[in-house]
Amino acid sequence: MTKHRPKKNNHLYPKFHIKKWINSGGKIYDKEIENIRKWDSSKDYTLKYYYSLGEENSELEDRISRFETYIAPIILKIDEAESEVVLTGKELELLKLYCVLCGSRHSFTSEVIKEDESGIYQSNNYLWGLHRAESQDQAVGITKQIMRDFEKILSLDENIESQISHWMIDPQYVYSTYTVGLHIAIGRADSPMLCISDRFCIIENTMDSDFLYSYVPISPKTALFLVKSKYYMDQETFDRTKVRFGEKYGSGIPDQYLSVIMGSSKIYDAEDALFCSYYRVRSCVHVKETYLTRNTVSKATVKINVLPKFVFQQFNSVFCEDGTKILFCDENEMRFALNHKLNCRKITIR
């Protein structure tokens, strides 16, 4: 019997995602040599025995690979869909957990606001939402817990009546403590303009020290958002939050937006793309247009939101500023991101 050889080069971002860029003509701009080059599958976005903390084994890397094998067809289904995609409740729940994995499996996740002289903004100082790992040890520890949740949820069969006939999609229902209070939204660009770097996920928080969403590109045109339902469940929830924040920080004037990335443009407000599109269904028994809340589904239809160019340009800017190896398909967009740094990333006291 052939002994299993441990995987030496541990990928920090799934290879099946990277190949979507490469298959679309993607290349890497390497800041260290200030030049464009081809992707090196053995060196780029990998670290030696990262998930075993330097030991020559790949037990955790193998478990991560099983999660990636499960999620890859779901990602493909999302990529190939046009305006909406139908997912089972189980797929939705594991997609949420996968977004947590993407932002927690390494200590290289970026944040929109990275410096704060005021001390108002406190990264990771919240109960629910994606917490950025601050060290390799912490990332590996969190990843092990995520794998346990994945294996537990995977063991539940949505086709077996005695276990689960309809999956709970209420964000407060607990399949995993990592996904409580969160929902999935999908964003798409008109062209393959999305970049990543050796940063693969971005977190934006509120000035109230709370999680808003995380941004996870899955292909050159498509990204997943893992969103705080407390703020973005629907228009009513969103409007109520802006009023509450305005009363707390703005002398009673409702905030214009929560997200400086999604909502700060004077031309186009993209924050409604973060609303949960699958927890309400249109009633077929009412004459007037009426929507009913649902807590369980066997299958759910998730909207794919086409977002304006400026939204992805800002995310590209964060990846390009923080990372050193920038994977891109559109060189003009990559160059634009390199030369246009966001002025919202540093909070200063004057």
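Note that the structure is a prediction, hence the values are computed from the model and not measured. (Residues numbered from 1 in each chain as written. Predicted model: local features only at pLDDT ≥ 70, side-chain atom pairs only at ≥ 80, totals over all residues. Heavy atoms only, no water.)

1. A short note on the pattern of salt bridges
So, step 1. The final tally for this structure, using the stated rule, is 21 salt bridges.
So, step 2. Note that D322 and K114 form a salt bridge whose closest N and O atoms lie 3.6 Å from each other. One end of the pair, D322, is in helix α7 (residues 309-322); the other, K114, is in the loop between β6 (110-111) and β7 (115-116), with 208 residues separating them in the sequence. (Salt bridge = Lys/Arg side-chain N within 4 Å of Asp/Glu carboxyl O. Helix = DSSP H or I, 4+ residues; strand = E, 2+ residues; numbered from the N terminus.)

2. What to know about helix α3 (residues 89-104)
Turn by turn, an α-helix covers 3.6 residues, leaving residues three or four places apart pointing in a common direction.
So, step 1. Helix length check: α3 (16 residues) gives 23 Å between terminal C-alpha atoms against 22 Å at 1.5 Å per residue, within 8%.
So, step 2. Extensive coverage of α3 is indicated by the burial of 16 of its 16 residues. (Expected span 1.5 Å × (residues − 1). Buried < 20%, exposed > 50% of the residue type's maximum accessible area, 1.4 Å probe, protein only.)

3. Here we look at α7
So, step 1. Under the 1.5 Å per step criterion, the end-to-end length of α7 is 20 Å for 14 residues, consistent within 8% with the ideal 20 Å.
So, step 2. In terms of burial, α7 is a largely internal element, 11 of the 14 residues being buried.
So, step 3. Burial in α7 covers these residues: V311, F312, Q313, Q314, F315, N316, S317, V318, F319, C320 and D322.

4. What to know about the sheet that holds β6
So, step 1. An order of β5-β16-β9-β12-β11-β10-β6 is seen for the seven strands of this open sheet, with the pairing classed as mixed. Strand pairing shows two members of the sheet lacking a second neighbour, β5 (84-88) and β6, which therefore form its edges.
So, step 2. Pairing between β6 and strand β10 (residues 202-205): two bridges, direction parallel. Its bridge partner being in β10, S110 is matched across the sheet by I202.
So, step 3. Running at roughly 155° to β5, helix α2 (residues 59-80) makes contact with β5, β9 (182-188), β12 (222-228) and β16 (299-306) of the sheet.
So, step 4. Sheet contacts for α7: β6, β9, β10, β11 (211-217) and β12; angle to β11, the most-contacted strand, approximately 80°. (Pairing = 2+ DSSP bridges. Contact = heavy atoms within 4.5 Å. Axes fitted to C-alpha atoms, helices over the stretch in contact; angles between N-to-C directions.)

5. Topic: the sheet that holds strand β17 (residues 325-328)
So, step 1. Reading across the sheet, the three strands line up as β3-β2-β17 and stay open at both edges, with antiparallel pairing between neighbours. Looking at strand neighbours, the two that pair on one side only are β3 (35-37) and β17, the edges of this open sheet. For this sheet, the mean inter-axis angle between neighbouring strands, taken without regard to orientation, is 30°.
So, step 2. Summarising the sheet, strand β2 (residues 27-30) and β3 pair through three bridges and their orientation is antiparallel. Bridging from a neighbouring strand, I28 pairs with R37 of β3.

6. Regarding the packing of α7 against helix α8 (residues 331-339)
So, step 1. Where α7 contacts α8, the axes come no closer than 8 Å and their chain directions differ by 65°. Where α7 crosses over α8, the handedness of that crossing is right-handed. Each of K309, Q313, N316, S317 and C320 in α7 lies in contact with α8, whose residues at this interface are E333, M334, F336, A337 and L338.
So, step 2. When its residues are assigned to classes, the contact of α7 with α8 shows five nonpolar, three polar and two charged. (Left-handed = near helix turned anticlockwise from the far one by under 90°. Nonpolar A, V, L, I, M, F, W, Y, C, P; charged D, E, K, R; others polar.)

7. Regarding the environment of D44
So, step 1. If you trace the backbone, D44 turns up in the loop between β3 and β4 (46-48).
So, step 2. Residue classification places D44 among the buried residues on the basis of a relative accessible area of 1%.
So, step 3. Expressed as a C-alpha distance, the spacing of D44 and N9, which sit 35 residues apart in the sequence, is 9.7 Å.
So, step 4. Once residues within four sequence positions are removed from consideration, D44 is found in contact with I28, R37, K38, W39 and K325.
So, step 5. A distance of 2.8 Å separates a polar atom in the side chain of D44 from a polar atom in the side chain of R37. (Polar contact = N/O pair within 3.5 Å; in protein donor to acceptor, adjacent residues only side chain to side chain.)

8. What to know about the environment of I146
So, step 1. Along the chain, the position of I146 falls in helix α4 (residues 136-154).
So, step 2. Taking the relative accessible area as the measure of exposure, I146 reaches 0% and is therefore buried.
So, step 3. Residues within four places of I146 in sequence aside, it is in contact with F67, L97, V100, L101, S104 and Y178.

9. Side note on the packing of aromatic side chains
So, step 1. Summed over all chains, the structure comprises 19 aromatic pairs.
So, step 2. Ring centres 4.8 Å apart and planes at 40° place the aromatic pair W167 and Y175 in the tilted group.
So, step 3. An angle of 50° between the planes, with centres 5.5 Å apart, marks the rings of Y215 and F225 as tilted. With Y215 in strand β11 and F225 in strand β12, the pair connects residues that are 10 residues apart, well separated along the chain. In terms of burial, Y215 and F225 fall into one category: buried.
So, step 4. Through a chain of ring-to-ring contacts, the aromatic side chains of Y213, Y215, F225, F315 and F319 assemble into a single cluster. (Phe/Tyr/Trp six-rings, centres within 6.5 Å; stacked < 30°, edge-to-face > 60°.)

Taken by themselves, the reported measurements are silent on function.
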